[in-house]
Structures are given as C-alpha cells and as structure tokens.
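# Per-entry structural report
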Amino acid sequence: LDPDRTIFDGGIRGMLSALDPFSAFFDPVQFEQLQQQTRGKVRGFGSILYVQPGKVVVLQTAEGSPSRRAGLGPGDEIVEVNGVRIDRLDLQGLVELLHRARTQRVRLGVVRPGRVVAQDFELNPAEVDMPTVDRAFILSPGIGYLRISGFDLKTPREVRDALGRLGAEPLTGLLLDLRNNPGGVLETAVGVASFFLPQDVPVITVR
C-alpha cells in the first residue's frame, strides 16, 4: 500500500466524514484549486463547455484566455483530446480526461460549425480571470439587472463597477440574479449585501 494515499484518501477523509456535512479534507491539488476560485482565477483554458457522454461543445470562451487566443468559439465541437476520442468515453471518463487536460499542454481535435473534418488546436493552460458579475444591463426603464455567478474576493468591486455603468440614469430598482450561484467567500457576500442595506444592520449570524 502507498502510506500517503492510504492516510490522505482513506483515514483522514473517513474521520472527517463522521463529524458533520461541512468538514472535508483537501489534498494539495484540491486546495490550490480552491485558492484559485477564491481569487477569481482558474487555471485552464478559459472555456465554458457543454458536456454529455460522447459530446463536448464550446459554449463560451473568456476574453484573453488560451481558448480565445487559439480561435475557439461557441459551437466548436471537441472530438479528440491528446489523441483520445471523445465519443468512446462515458461521462466519468470524459470528466476525468478534461480535468487532467487542464494542467498540461493539450492537443485538441475540433470540428467547426458547418464542417465535417476535425482541425487541430494546441493550447497551453494559464490562469484565467473568471468574472462573477457576468451580465449587467438595463432590464426596463429605471430597472437594472445583475447576474452574480459566485462570490470571490473581487465580487464587491465587480458589483460596484457594474452599478456605476448602469447608473447613468437613476435606478428605481435592481434585479440580482443569483440562480445557480454556489456561494463562495462569506465576507464577500456580506460586502455585496452592504451595498443595499442600511449601515449596522445584521446580515448573518454565526453560531
């Protein structure tokens, strides 16, 4: 047996699972991923993907990301990753392949919309800024709309900047869209709430 693997993946996780639903062990790789998410940066290629068994399609690429610089765009279908055919993998194998690919130089076979022959792309992973306020516009006269996809360290600044852009005309209301928001940094969520609440009003209690 590998002692480290036995202790980290077995013993420690087993002990913590007996405590409560909120205690968990992070190995070094998982902890670094958590730190990246807290900073609003993700190491990878800056793509939002639609994934189902045997099919991976690019939905969106982040500005300045390796995917955007390589020329990938919405509708591009990834059919091969480092020589491995996507259509031969089940969902778990596909997720594992994509996860491993984020950490190293990768060669993709991509079929562009309207084409049938795959084109090769080579990408190097990098830290990509992922904004948490990804939509902001005037929904109707005097009513603004903000979509907040998560709470990381820079979310209050993004909310403040978005409100500044929307505030050219006085706002009488604001719709905050928090659907599918998984949460994040507690202090950041309190900071966002402070934009809309009177001073010294309790936002959260911790017991």
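Reference entry: report on the structure contained in this document.

Here is what the cut-offs are and how they apply
- Residues numbered from 1 in each chain as written.
- Predicted model: local features only at pLDDT ≥ 70, side-chain atom pairs only at ≥ 80, totals over all residues.
- Heavy atoms only, no water.
- Helix = DSSP H or I, 4+ residues; strand = E, 2+ residues; numbered from the N terminus.
- Buried < 20%, exposed > 50% of the residue type's maximum accessible area, 1.4 Å probe, protein only.
- Core = buried A, V, L, I, M, F, W, Y, C linked by side-chain atoms within 4.5 Å.
- Pairing = 2+ DSSP bridges.
- Axes fitted to C-alpha atoms, helices over the stretch in contact; angles between N-to-C directions.
- Phe/Tyr/Trp six-rings, centres within 6.5 Å; stacked < 30°, edge-to-face > 60°.

Examined against the element boundaries, Arg88 turns out to sit in the loop between strand 5 (84-85) and helix 4 (91-101). A relative accessible area of 71% means that Arg88 is categorised as exposed. Taking the C-alpha atoms as reference points, Arg88 and Lys55, 33 residues apart in sequence, are found 9.7 Å from one another.

Of all hydrophobic cores here, the largest spans 16 residues; its most connected members are Ile78, Val81, Val106, Leu108 and Leu123. Elements with a minimum of two residues in this core: strand 3 (55-61), strand 4 (77-81), helix 4, strand 6 (106-111) and strand 7 (119-123). Sorting elements by how many residues they give to this core places helix 4 first, with 4 residues.

Let us look at the pairing of strand 3. Side-chain direction in a regular strand flips from residue to residue, so the side chains alternate between the two faces of the sheet. Examined bridge by bridge, strand 2 (residues 47-52) and strand 3 share 6 bridges and lie antiparallel to one another. Within strand 3, the position partnered with Val51 by the bridge is Val56. Linkage of strand 2 to strand 3, two consecutive antiparallel strands, is achieved through a turn of 2 residues, within which Gly54 is found at a positive phi near 80°.

For Gly10, the position within the fold is in helix 1 (residues 3-17). For the pair Gly10 and Asp161, spaced 151 residues apart in the sequence, the C-alpha separation amounts to 45 Å.

What follows covers the sheet that holds strand 10 (residues 143-148). The strand order across the open sheet formed by 3 strands is 9-10-11, and the pairing between neighbours is mixed. The outermost strands of the open sheet, each flanked by one partner alone, are strand 9 (133-140) and strand 11 (173-177). Geometrically, the sheet is characterised by an average inter-axis angle of 20° between neighbouring strands, direction not taken into account. Relative to strand 10, strand 9 runs antiparallel, the two being bridged by 6 bridges. Among the inter-strand pairings, Val133 is bridged to a residue of strand 10, identified as Ile148.

So, on to unusual backbone geometry. At Asn180, a position not held by glycine, the phi torsion is positive, near 65°. Of note, Asn180 is situated in the loop between strand 11 and helix 6 (186-193). Take Asn180: its relative accessible area is 74%, and that puts it in the exposed class. Phi at Asp200 is positive, roughly 70°, even though this residue is not glycine. Residue placement: Asp200 occurs in the segment after helix 6. Residue Asp200 is classed as exposed on the basis of its relative accessible area of 72%.

The next point concerns the pairing of strand 10. Counted residue by residue, strand 10 has 5 buried out of 6 residues, so it is predominantly covered. Counting the residues in the hairpin turn of strand 9 and strand 10 gives 2 residues, including Gly142, whose phi is positive at 85°. Direction of pairing for strand 10 relative to strand 11: parallel, over a ladder of 5 bridges. Looking across to strand 11, one finds that Gly144 is bridged to Leu174.

The next thing to look at is the packing of aromatic side chains. Applying the stated criterion to the full structure yields 2 aromatic pairs. On the numbers, 4.6 Å between centres and 20° between planes, the contact of Phe137 with Tyr145 is stacked. Under the relative-accessibility criterion, Tyr145 is labelled buried at 7%. Pairing Phe195 with Phe196 gives two aromatic rings, centres 6.3 Å apart and planes at 90°, and the pair type is edge-to-face.

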